[in-house]
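Per-entry structural report
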Amino acid sequence: FDTQIDSGTRSHYGVVLRQPLYDRERLAQGRQLRIQADAAELAWVGAQQQLMLRGAEHYFQLALASRRLTLLARQLEAVERTAREADERFRIGGLPVTDLHEARARAAALRAQHLAAQTELDLRRQTLADLIGRQPGDTPLRLPSASPEPVGALEDWLARAARHNTRLQLAQ
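Conventions we followed
- Here, residues in each chain are numbered from 1, in the same order as that chain's written sequence.
- Reporting of local features is limited, given that this is a predicted model, to residues whose pLDDT is at least 70; pairs of side-chain atoms are given and counted only at 80 or more, and all residues count toward the totals for whole chains, interfaces and linings.
- Working from all heavy atoms in the structure, the side-chain values ignore hydrogens and water.
- Each helix corresponds to a stretch of at least 4 residues labelled H or I by DSSP, and each strand to a stretch of at least 2 residues labelled E; elements are numbered beginning at the N terminus.
- The reference for a compact globule is 2.2 Å times residues^0.38; the radius of gyration itself is calculated from the C-alpha atoms.
- Exposure classes here rest on a 1.4 Å probe applied to the protein chains alone. A residue is buried below 20% of its type maximum, exposed above 50%, and partly exposed in between.
- What makes a nonpolar core is a set of buried Ala, Val, Leu, Ile, Met, Phe, Trp, Tyr and Cys residues whose side-chain atoms join them at distances within 4.5 Å.
- Exposure above 30% relative accessible area and the absence of a salt bridge qualify a residue for a patch, where like charges join within 9 Å and nonpolar side chains (Val, Leu, Ile, Met, Phe, Trp, Tyr) within 5 Å.
- Per-residue and other accessible areas follow the Shrake-Rupley method at a 1.4 Å probe size, with only the shown protein chains counted as cover for residues.
- The term salt bridge refers to a pairing of a side-chain nitrogen on Lys or Arg with a carboxyl oxygen on Asp or Glu at a separation within 4 Å.
- Should any heavy atoms of two residues lie within 4.5 Å, those residues are considered in contact.
- Here the aromatic set is Phe, Tyr and Trp, taking the six-membered ring for Trp, and pairing holds for ring centres within 6.5 Å; pairs whose planes are under 30 degrees apart are stacked, those over 60 apart are edge-to-face, and all others are tilted.
- Either the NZ atom of lysine or the CZ atom of arginine qualifies as a charge over a ring when it sits within 6 Å of the ring centre and within 35 degrees of the ring normal.

A word on the overall build of the chain
Within the chain one finds 4 helices and 0 strands. Each helix (α) and strand (β) of the chain, taken in turn from the N terminus, gives the series α-α-α-α. For 172 residues, the compact-globule formula gives about 16 Å, and the C-alpha radius of gyration of the chain, at 38 Å, lies well above that figure. The burial tally for the chain puts 15% of its 172 residues in the buried class.

Structure (structure tokens):
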């Protein structure tokens, strides 16, 4: 057998694919994108915290306005009772007219304060409703007890605040 494969036409086709193993520009872009994503995540967490803080502030303002209105209603009841007693005493001649006018003036001033407190309560209720997207309802709002539990040392709270502060993390 005498066969040769050298005498025919020969074609050669090929595909060359090049990919660099190390590309500084792409690595830098990847790092920048990760940093931007982390910053966006921190900004989102910060916005959530601000919303929670505003919600708590509005809640406590509403609770305080409610307590103030309750207190003024009790005071108004007592002062009006005193004004009625002063009126009775004036009619029987046991009280000067100036004391009667003072009692009536006190009652009128307290009625004005009560009306202002009712307006403030309505305003606070609407402000909270705007924030949370629904009316808070007429259930009594609770305030924290007068004697809170111990919360720990100030240094611990400051360190914790520095660790979890999103604005500080964004600045870094």
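The rest of the description comes next.
Notes on the environment of Pro-140
Within the secondary structure, Pro-140 is located in the loop between helix H2 (97–132) and helix H3 (154–164). The class of Pro-140 is exposed, set by a relative accessible area of 74%. In sequence terms Pro-140 and Arg-67 are 73 residues apart; their C-alpha atoms lie 9.4 Å from each other.

What about the nonpolar core?
Counting 18 residues, the largest nonpolar core has Leu-62, Ala-86, Leu-110 and Leu-121 as the members making the most contacts within it. Ranked by residue count, the leading element in this core is helix H1 (residues 24–91), at 9 residues.

What to know about a nonpolar patch on the surface
A cluster of nonpolar residues, Val-151, Leu-154, Trp-157 and Leu-158, forms a patch on the protein surface that exposes about 440 Å² of accessible area. Tracing the backbone through its elements, the reader meets Val-151 in the loop between H2 and H3.

Comments concerning the side chain of Asp-87
Looking at the element boundaries, Asp-87 is found in helix H1. Residues in contact with Asp-87, not counting those within four places in the same chain, are Leu-100 and Arg-104.

What to know about the pattern of salt bridges
Tallied over the full model, the rule gives 8 salt bridges. For the salt bridge of Arg-104 with Asp-87, the shortest nitrogen-to-oxygen distance reads 3.2 Å. With Arg-104 in helix H2 and Asp-87 in helix H1, the pair connects residues that are 17 residues apart, well separated along the chain. With relative accessibility at 41%, the residue Arg-104 sits in the partly exposed group. When salt bridges with common partners are traced through the structure, they connect Asp-87, Glu-88, Arg-91 and Arg-104 into a single cluster.

A word on the packing of aromatic side chains
By the definition in use, this model includes 1 aromatic pair. Considering the side-chain rings of Tyr-59 and Phe-60, the 5.4 Å spacing of their centres and the 75 degrees angle between planes classify their relative orientation as edge-to-face. Judged by relative accessible area, Tyr-59 falls into the partly exposed class, the value being 28%. Against the face of Trp-157 rests Arg-160, its NZ or CZ located 5.0 Å from the ring centre.

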